Amino acid sequence: MTLSIRPATPVDLPLIAQFIRDLADYEKLAHEVRFDETKLGEKLFGPRPYAEVLIGEIDGQAQGFALFFHNFSTFEGKPGIYLEDLFVRPEARGSGLGKALLAHLAKLCVERDCARLEWWVLDWNTPSIGFYQSLGAKLMDEWTVMRVDGAALTGLAATADR
């Protein structure tokens, strides 16, 4: 069995879209998937890419992906990498592909002089939490995630010019 990690290209867009849908199904969040594939492609591969994607392969067959982007730590004075999505197809779990994708991201962090690699995980996803902890990841349970979206985002934006 040969594991390989490669950067995604525009040709991979349908594959990336399917991985996102598969991840949403796994996380019981399929009802929240709303992206338009063409617009997703523009945001990933257009003139100003907002994120990068790695494709994980086993024996030349795509079996997983990692979608990530840079953030910035003011305390460290350095960029970091935020992993938005990591997914390995169920039949490929246990192959080492998930670890290989995370190791590749860690290598990118080191090469790009990043301070950290971060991501969120759902509280109920104990198999993933255990896996991440086995790699040295620590829970950041003293932080609470905040989000403004939809009508609240539009409403807040409208107050900017007042």
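For the rest of this paragraph, the subject is a nonpolar patch on the surface. Taken together, the side chains of V148, L153 and L156 make up a nonpolar region of the molecular surface, amounting to roughly 260 Å² of accessible area. Structurally, L153 can be placed in helix α5 (residues 150–158).

All right, on to the packing of aromatic side chains then. Enumeration over the complete set of coordinates arrives at 7 aromatic pairs. With 5.4 Å between their ring centres and 10° between their planes, F19 and F65 make a pair best called stacked. Within this pair, whereas F19 is found in helix α1 (residues 13–26), its partner F65 is found in strand β3 (residues 61–73), the two being separated by 46 residues in sequence. Judged by relative accessible area, which is 0%, F19 ranks as buried. Look at F19 and F87: their rings are 6.1 Å apart centre to centre, the planes differ by 55°, and that puts the pair in the tilted class. Residue F19 is located in helix α1, and its partner F87 is located in strand β4 (residues 78–88); the two are separated by 68 residues in the primary sequence. Counting every residue linked through ring pairs, the aromatic cluster contains F19, F65 and F87. Over the ring of W124 we find K28; its NZ or CZ atom is 4.2 Å from the centre of that ring. Here R93 stacks its cationic end above the ring of Y26, 4.8 Å away from the centre of that ring.

What counts and what doesn't
Residues numbered from 1 in each chain as written. Predicted model: local features only at pLDDT ≥ 70, side-chain atom pairs only at ≥ 80, totals over all residues. Heavy atoms only, no water. Patch = residues over 30% accessible without salt bridge, like charges linked within 9 Å, V, L, I, M, F, W, Y side chains within 5 Å. Areas by Shrake-Rupley, 256 points an atom, 1.4 Å probe, with all protein chains shown as cover. Salt bridge = Lys/Arg side-chain N within 4 Å of Asp/Glu carboxyl O. Helix = DSSP H or I, 4+ residues; strand = E, 2+ residues; numbered from the N terminus. Phe/Tyr/Trp six-rings, centres within 6.5 Å; stacked < 30°, edge-to-face > 60°. Buried < 20%, exposed > 50% of the residue type's maximum accessible area, 1.4 Å probe, protein only. Lys NZ or Arg CZ within 6 Å of the ring centre and 35° of its normal.

In short, the description is geometric, and any link to function would need to be established separately.
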